[in-house]
Amino acid sequence: MKPTRILNLIYIVVSSLIVTAVLVPMLMSNGYPSPAVPERSNLTLGVMIVVLAALGWPPLRYRRELAKKLADPSAKHPRRLSPMFAVRVLALAKASQIFGAIVCGGVGGVLIAQLTTPVGPGASFGRNVIACVLALLLTVVGYIIEQLLRIKDDAEPEDPAAKKRAPAKTEVTPA
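Quick caveat, the model's predicted, so the values are computed rather than measured. Every chain is numbered on its own, with residues counted from 1 as its sequence reads. Reporting of local features is limited, given that this is a predicted model, to residues whose pLDDT is at least 70; pairs of side-chain atoms are given and counted only at 80 or more, and all residues count toward the totals for whole chains, interfaces and linings. Here the side-chain values reflect all heavy atoms present in the structure, with hydrogen atoms and water set aside.

## Some points on a nonpolar patch on the surface
For step 1, the next point in the chain: The patch calculation keeps residues exceeding 30% relative accessible area without a salt bridge and links them within 9 Å when they carry like charges or within 5 Å when they are nonpolar (Val, Leu, Ile, Met, Phe, Trp, Tyr). To measure how exposed things are, a 1.4 Å probe is used in the Shrake-Rupley method; for residues, cover is taken only from the protein chains shown. Salt bridge, as used here: a side-chain nitrogen of Lys or Arg that lies within 4 Å of a carboxyl oxygen of Asp or Glu. Residues Ile6, Leu7, Ile10, Tyr11, Val14, Ile18, Val19, Val22, Leu23 and Met26 make up a contiguous nonpolar surface patch of about 920 Å² in total accessible area.
For step 2, the next point in the chain: Strands are runs of DSSP state E lasting at least 2 residues, helices are runs of H or I lasting at least 4, and numbering of each runs from the N terminus. Mapped onto the secondary structure, methionine 26 falls in helix 1 (residues 6–29).
For step 3, the next point in the chain: For every residue, the accessible area obtained with a 1.4 Å probe (protein chains only) is divided by the maximum for its type, and the residue is called buried under 20%, exposed over 50%, and partly exposed between those limits. Take methionine 26: its relative accessible area is 47%, and that puts it in the partly exposed class.

Structural data, given as structure tokens:
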């Protein structure tokens, strides 16, 4: 699985923000009410953040204990993470950050539409701001946990003998 780039998340936020910022004023001009995020949705976003952070705690603890082991070789080796657990948490983190980016952009577009209306933002403005902040926080927590579970690539093999055993790349020139 490729790691998520921050630029891709920004593209998701901006594109959903633009679509929502264009559609909501058109709907409001046709008599539809200003969209509002229900309070339970904010509660759901908060629970998602807490669950994702709780699932991200074991990888963080493992990294910390591994750093202590590298600093002090006499310390005992930390207990490894289950690969299935790590893959499941990684998939959840990736899905959460994409979902958070979509919601953040969508609610941000609604906020822009509410701020630009001549009547004013309305009663649902506060809930929408909270939803936007929670969605952004979900995206950030998902990104951090994905980075915690990332396996670093070795550009060069550590064993010098492995370099000698590696087959040389040959170029084929057209005749």
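Structure's up, so let's keep going.
## Remarks on the pattern of salt bridges
For step 1, the next point in the chain: Scanning the entire structure with this criterion turns up two salt bridges.
For step 2, the next point in the chain: The residue arginine 127 makes a salt bridge to glutamate 39 at a minimum N-O spacing of 3.8 Å. On the criterion of sequence distance, the pair formed by arginine 127 in helix 5 (residues 125–148) and glutamate 39 in helix 2 (residues 39–55) is long-range, its members being 88 residues apart.
For step 3, the next point in the chain: Note that glutamate 146 is salt-bridged to lysine 94, the shortest N-O span being 3.8 Å. Here glutamate 146 is found in helix 5, whereas its partner lysine 94 is found in helix 4 (residues 83–115), with 52 residues between them in sequence.
For step 4, the next point in the chain: What makes glutamate 146 buried here is its relative accessible area of 4%.
For step 5, the next point in the chain: By relative accessible area, which is 18% here, lysine 94 ends up buried.

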